[in-house]
Amino acid sequence: MERFALPLPHLLLAIAVMAVWGTNFVVIAFALEHLPPLLLAVLRFALVFMPMALFVKRPNVPLSNLAAYGVLIGAGQFGLLFFAMKNDITPGLASLVVQSQIFFTIGLSMRTSGERVRAFQWAALALATSGIALIFINTEGGTTPLGLALTLGAALCWALGNITARKAGGAPMLPYIVWSSIFAVPPLVLFAFLFEGWPAIVQGLRTADAGAWAAVLWQSVGNTMFGYTAWQWLLTKHPAAVVTPMALLVPIFGMSASAIVLSEPMPGWKLLAAGLVLAGLALNLMWPLTQARLQARI
């Protein structure tokens with residue numbers, strides 16, 4: 001019989017992963033005070049690949065798939081996200097808006113499979129889109145239309161990365177992340193030279209203190225290696241419908257940490273926008289699980 005709840009130790013692990021992923025937006029903001037955004041992304045993925053590649057065997061996945069995932073997630077998702085968070089969107093809102101990747105993933109999956117969008121998915125999309133629209137009309141005080149657009153672009157790249165990872169045929173996540181990371185580095189280095197310039201790169205490396213390097217290391221070890229490995233392990237132990245709703249905690253941790261640590265303002269419109277987006281995400285993630293529970297009782 002399928003279980004619809006996580007046992008307590010697994011629940012605590014899932015919450016820990018969500019806390020790491022959510023509060024990581026504050027860590028990113030701290031790192032960006034010392035390092036240019038694209039250089040930060042270079043360092044993040046370089047440190048994921050080395051030295052882990054010496055200990056983790058390359059997965060049995062075509063290099064083209066690894067390269068596509070590395071470019072989409074590295075140069076796409078995190079390159080755009082870090083660039084946006086430098087000056088154009090607050091950490092709390094970034095943690096919320098980037099979760100729109102769920103709807104991009106659904107849309108892309110349905111486009112490739114030919115599956116029709118169901119009524120509850122339209123309703124969920126309408127709620128989340130209303131929240132994004134509310135953010136757009138209130139872009140001031142640390143968030144700009146450019147920042148919102150870049151973060152939505154990061155979400156789209158994340159969704160494309162999800163589709164690419166599915167084509168890997170269930171490869172173990174940690175080796176997949178490690179060996180795809182090397183393909184993120186060359187385009188990020190190129191973009192760093194083009195958009196930030198050699199003087200800014202040198203200045204960032206010279207002035208980065210121990211706290212900045214700790215933030216970079218946390219990007220690689222805590223956020224990527226621990227987070228993705230633990231999440232993948234949970235998905236192997238439980239149905240995806242039971243595990244994935246935990247992702248709703250990411251923007252909650254992100255916005256809370258940003259408000260507490262960085263004193264990010266939380267006016268009423270921002271809380272309403274967060275409520276709309278989270279309601280859309282919750283409806284999309286929880287509806288199938290609720291239906292399954294009801295059918296199990298019949």
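Residues numbered from 1 in each chain as written. Predicted model: local features only at pLDDT ≥ 70, side-chain atom pairs only at ≥ 80, totals over all residues. Heavy atoms only, no water.

*Asks:* Would you explain the overall build of the protein in this entry?
*Replies:* Secondary structure summary: the protein contains 13 helices and 0 strands in total. The linear arrangement of helices and strands in the protein, starting from the amino end, is α-α-α-α-α-α-α-α-α-α-α-α-α. At 19 Å, the protein has a C-alpha radius of gyration in line with the 19 Å of a compact globule built from 298 residues. The C-alpha extent of the protein, read off along each of the three principal axes, is 65 × 50 × 40 Å. When the 298 residues of the protein are sorted by exposure, 51% land in the buried category. (Helix = DSSP H or I, 4+ residues; strand = E, 2+ residues; numbered from the N terminus. Rg over C-alpha atoms; globule rule 2.2 N^0.38 Å. Buried < 20%, exposed > 50% of the residue type's maximum accessible area, 1.4 Å probe, protein only.)

*Asks:* What exactly am I supposed to notice about the packing of helix α3 (residues 63-87) against helix α7 (residues 145-166) here?
*Replies:* In a packed pair of helices, the relevant descriptors are the angle between the two axes and the axis-to-axis distance. As a packed pair, α3 and α7 sit with axes 8 Å apart at the nearest point and diverge in direction by 160 degrees. Taken as axis vectors, α3 and α7 run roughly antiparallel relative to one another. The handedness of the crossing between α3 and α7 is left-handed. Residues Asn-65, Ala-68, Tyr-69, Leu-72, Ile-73, Gly-76, Gln-77, Leu-80, Leu-81, Phe-83 and Ala-84 of α3 pack against Gly-147, Leu-150, Thr-151, Gly-153, Ala-154, Cys-157, Trp-158, Leu-160, Gly-161, Thr-164 and Ala-165 of α7. Taken together, the residues of the contact of α3 with α7 sort by class into 14 nonpolar, 8 polar and no charged. (Axes fitted to C-alpha atoms, helices over the stretch in contact; angles between N-to-C directions. Parallel < 35°, antiparallel > 145°, perpendicular 65-115°, else oblique. Left-handed = near helix turned anticlockwise from the far one by under 90°. Contact = heavy atoms within 4.5 Å. Nonpolar A, V, L, I, M, F, W, Y, C, P; charged D, E, K, R; others polar.)

*Asks:* Honestly, unusual backbone geometry in this entry has me stumped. Any pointers?
*Replies:* Both trends apply: most residues other than glycine have a negative phi, and most peptide bonds are in trans. The step from Met-50 to Pro-51 runs through a cis peptide bond, and the omega angle for that step is 10 degrees. The phi dihedral of Ser-263 falls on the positive side, at around 55 degrees, and the residue is not glycine. Position of Ser-263 relative to the elements: it lies in the loop between α12 (249-261) and α13 (268-297). Note on Ser-263: relative accessible area 57%, which makes it exposed.

*Asks:* Which parts of the structure should I look at to understand the environment of Ala-159?
*Replies:* By the secondary structure assignment, Ala-159 is in helix α7. On the accessibility criterion, Ala-159 (0% relative accessible area) is buried.

*Asks:* What exactly am I supposed to notice about the pattern of salt bridges here?
*Replies:* A side chain of one charge can pair with a side chain of the opposite charge if their charged atoms are brought near each other. Tallied over the entire structure, the rule returns 1 salt bridge. Across the pair Lys-270 and Glu-264 runs a salt bridge whose closest N-O atoms are separated by 3.0 Å. A single burial state applies to Lys-270 and to Glu-264, both of which are buried. (Salt bridge = Lys/Arg side-chain N within 4 Å of Asp/Glu carboxyl O.)

*Asks:* Just to check I follow, could you spell out helix α10 (residues 210-237) for this structure?
*Replies:* One turn of the α-helix equals 3.6 residues, which is why residues spaced by three or four share an orientation. Taking 1.5 Å per residue, 28 residues should reach 40 Å; α10 reaches 38 Å between its end C-alpha atoms and fits that length. At Trp-218, α10 shows its largest kink, close to 40 degrees. Backbone nitrogen of Gly-211 and a side-chain oxygen of the N-cap are separated by 3.2 Å at the start of α10; the cap is Asp-209. (Expected span 1.5 Å × (residues − 1). Bend = angle between axes of the 7 residues up to and from the residue. Polar contact = N/O pair within 3.5 Å; in protein donor to acceptor, adjacent residues only side chain to side chain.)

*Asks:* In this structure, what is going on with the packing of aromatic side chains? I would like to understand it.
*Replies:* The way to describe two aromatic rings as a pair is by their centre distance and the angle between their planes. Per the stated rule, a full pass over the model turns up 9 aromatic pairs. When the centroid spacing of 5.9 Å and the interplanar angle of 15 degrees are considered together, the rings of Phe-120 and Trp-287 count as stacked. Placement of Phe-120 in helix α6 (residues 119-137) and of Trp-287 in helix α13 is noted, with a sequence separation of 167 residues between them. For Trp-287, a relative accessible area of 38% gives the class partly exposed. (Phe/Tyr/Trp six-rings, centres within 6.5 Å; stacked < 30°, edge-to-face > 60°.)

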